[in-house]
Amino acid sequence: SRLRSAGYQGKTITLKLRFADFTTITRSKTGAYTDLAHDIYTTSWNLYQALGLQRVRIRLVGVKVDGLVPAADAPEQLLMGAPEHGRRDAELAIDKLRSKYGPSAVKPGRTVTGVDSAEAGE
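Predicted model only: the values in this text are computed from it and were never measured.

**A word on the overall build of the protein chain**
Right, so step 1: The helix and strand inventory of the protein chain stands at 3 helices and 4 strands.
Right, so step 2: Relative to its full complement of 122 residues, the protein chain shows a buried share of 19%.
Right, so step 3: Looking at the protein chain as shown, the accessible area adds up to about 9,400 Å², and 52% of this sits on carbon and sulfur atoms.

Shown next as structure tokens:
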């Protein structure tokens, strides 16, 4: 959300891991310009999984986006049959709600607990 509010998009996502013994590794991937939390999360999670770490003690996890350009100047890949409004519109709406009602105003549905499926209208 900070990237979007500053009006930038980036194309290189870097994952930094520091282990309990203070050794540090970084992995990065360059792709299409983005400012979407979903894209940044997915890319960093894939970078983490590609390391194949098992039961490692991690001291620090950092994610950064590089190769920044103003969002208005970032090229956008258009897709045939893509919906008129997509994930970016949803994330902009979420940003507005969180700025008005606080950071916990909107959460992913899979993280909500204590709601019966009957109560949720299923």
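Having seen it, we continue.
**Observations regarding the pattern of salt bridges**
Right, so step 1: Overall, the coordinates contain 3 salt bridges when judged by the stated rule.
Right, so step 2: The closest approach of N and O atoms between Asp 66 and Lys 64, which form a salt bridge, is 3.6 Å.
Right, so step 3: Of the residues examined, Lys 64 reaches a relative accessible area of 45% and is grouped as partly exposed.
Right, so step 4: A single network of salt bridges, built from pairs that share partners, joins Arg 4, Glu 91 and Asp 95.

**Notes on a nonpolar patch on the surface**
Right, so step 1: Taken together, the side chains of Val 56, Ile 58, Val 61 and Val 63 make up a nonpolar region of the molecular surface, amounting to roughly 300 Å² of accessible area.
Right, so step 2: Taking the relative accessible area as the measure of exposure, Val 61 reaches 56% and is therefore exposed.

**Let's talk about the side chain of Gln 9**
Right, so step 1: Secondary-structure assignment places Gln 9 in strand S1 (residues 8–19).
Right, so step 2: On the basis of relative accessibility, which here comes to 10%, the residue Gln 9 falls in the buried class.

**Topic: the pairing of S1**
Right, so step 1: Across 2 bridges, S1 lies against strand S4 (residues 69–70) in antiparallel orientation. Bridge pairing in S4 links Tyr 8 to Pro 70.
Right, so step 2: Bridge analysis of S1 against strand S2 (residues 24–34) gives 8 bridges, and the strand direction is antiparallel. Residue pairing for S2: Lys 16 is matched across the bridge by Thr 26.
Right, so step 3: Between S1 and S2, which pair antiparallel one after the other, the connecting turn spans 4 residues, and Phe 22 there sits at a positive phi close to 70°.
Right, so step 4: Sheet topology places S1 next to strand S3 (residues 58–66); 8 bridges connect them, and they run antiparallel. By the bridge assignment, Thr 14 is partnered in S3 with Lys 64.

**Regarding the environment of Leu 15**
Right, so step 1: Tracing the backbone shows Leu 15 in strand S1.
Right, so step 2: In sequence terms Leu 15 and Arg 27 are 12 residues apart; their C-alpha atoms lie 5.3 Å from each other.
Right, so step 3: Sequence-distant contacts of Leu 15, defined by excluding residues within four places in its chain, comprise Ile 25, Thr 26, Arg 27, Ser 44, Leu 47, Tyr 48, Val 61, Gly 62 and Val 63.

Definitions and limits used
Residues numbered from 1 in each chain as written. Predicted model: local features only at pLDDT ≥ 70, side-chain atom pairs only at ≥ 80, totals over all residues. Heavy atoms only, no water. Helix = DSSP H or I, 4+ residues; strand = E, 2+ residues; numbered from the N terminus. Buried < 20%, exposed > 50% of the residue type's maximum accessible area, 1.4 Å probe, protein only. Areas by Shrake-Rupley, 256 points an atom, 1.4 Å probe, with all protein chains shown as cover. Salt bridge = Lys/Arg side-chain N within 4 Å of Asp/Glu carboxyl O. Patch = residues over 30% accessible without salt bridge, like charges linked within 9 Å, V, L, I, M, F, W, Y side chains within 5 Å. Pairing = 2+ DSSP bridges. Contact = heavy atoms within 4.5 Å.

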